[in-house]
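# Overview (structure and organization)
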Amino acid sequence: MLYAGPSLFGFLIGFILGTRIKEDEELRFPLSSYIVILIAAILMAWQLGPFPYYHDLPLASGFIAAFIGIIAGRIIRG
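Residues numbered from 1 in each chain as written. Predicted model: local features only at pLDDT ≥ 70, side-chain atom pairs only at ≥ 80, totals over all residues. Heavy atoms only, no water.

### Quick look at the environment of Leu 31
Examined against the element boundaries, Leu 31 turns out to sit in helix α2 (residues 31-48). The class for Leu 31 is exposed, based on a relative accessible area of 63%. Remark: the alpha-carbon pair of Leu 31 and Arg 77, spanning 46 residues in sequence, is separated by 18 Å. (Helix = DSSP H or I, 4+ residues; strand = E, 2+ residues; numbered from the N terminus. Buried < 20%, exposed > 50% of the residue type's maximum accessible area, 1.4 Å probe, protein only.)

Given below as structure tokens:
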């Protein structure tokens, strides 16, 4: 069972944060940097584990949703 609360709020906060990140002309990230950051985020979510008393995934679903929200906000409004 996937709990919607942490995932929804994590995505929402990540999306808002992603819309606020400004692109600098001299600082550009290639696609490979986003892939490395995604792998690091998954490893960090694995180490965090689920929120206490949740038994949905072995990952921190709110953390993964926040990362996806940052990338989505960056693509849509960046």
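Having seen the model, we can carry on.
### Overview of the UniProt feature "transmembrane region" (unreviewed entry) in the chain
Taking the UniProt record as the reference, the feature "transmembrane region" (unreviewed entry) is found at residues 6-22, 34-53 and 59-76. Secondary structure content for residues 6-22 is 88% helix and 0% strand, while the C-alpha to C-alpha distance between its ends is 26 Å. End C-alpha atoms of residues 59-76 are separated by 26 Å, and the span's content is 89% helix alongside 0% strand. (UniProt positions renumbered as here; feature names shortened; annotations may be inferred.)

### Observations regarding the packing of α2 against helix α3 (residues 61-77)
Relative orientation of the contacting elements α2 and α3 amounts to 155°, with a least axis distance of 9 Å. One finds that α2 runs roughly antiparallel with respect to α3. Along the contact surface, α2 presents Tyr 34, Ile 37, Leu 38, Ala 41, Ile 42, Met 44, Ala 45 and Leu 48, while α3 presents Phe 63, Ile 64, Phe 67, Ile 71 and Arg 74. Among the residues forming the contact of α2 with α3, the class breakdown is 12 nonpolar, no polar and one charged. (Axes fitted to C-alpha atoms, helices over the stretch in contact; angles between N-to-C directions. Parallel < 35°, antiparallel > 145°, perpendicular 65-115°, else oblique. Contact = heavy atoms within 4.5 Å. Nonpolar A, V, L, I, M, F, W, Y, C, P; charged D, E, K, R; others polar.)

### With respect to the packing of helix α1 (residues 4-20) against α3
Axis separation between α1 and α3 bottoms out at 6 Å; the angle between their running directions is 35°. Considering only the axes of α1 and α3, their crossing is right-handed. Between α1 and α3, the contacting residues are Pro 6, Ser 7, Gly 10, Phe 11, Gly 14, Phe 15, Leu 17, Gly 18 and Thr 19 on the first element and Ser 61, Gly 62, Ala 65, Ala 66, Ile 68, Gly 69, Ile 70, Ala 72, Gly 73, Arg 74, Ile 76 and Arg 77 on the second. For the contact of α1 with α3, the residue count by class is 10 nonpolar, nine polar and two charged. (Left-handed = near helix turned anticlockwise from the far one by under 90°.)

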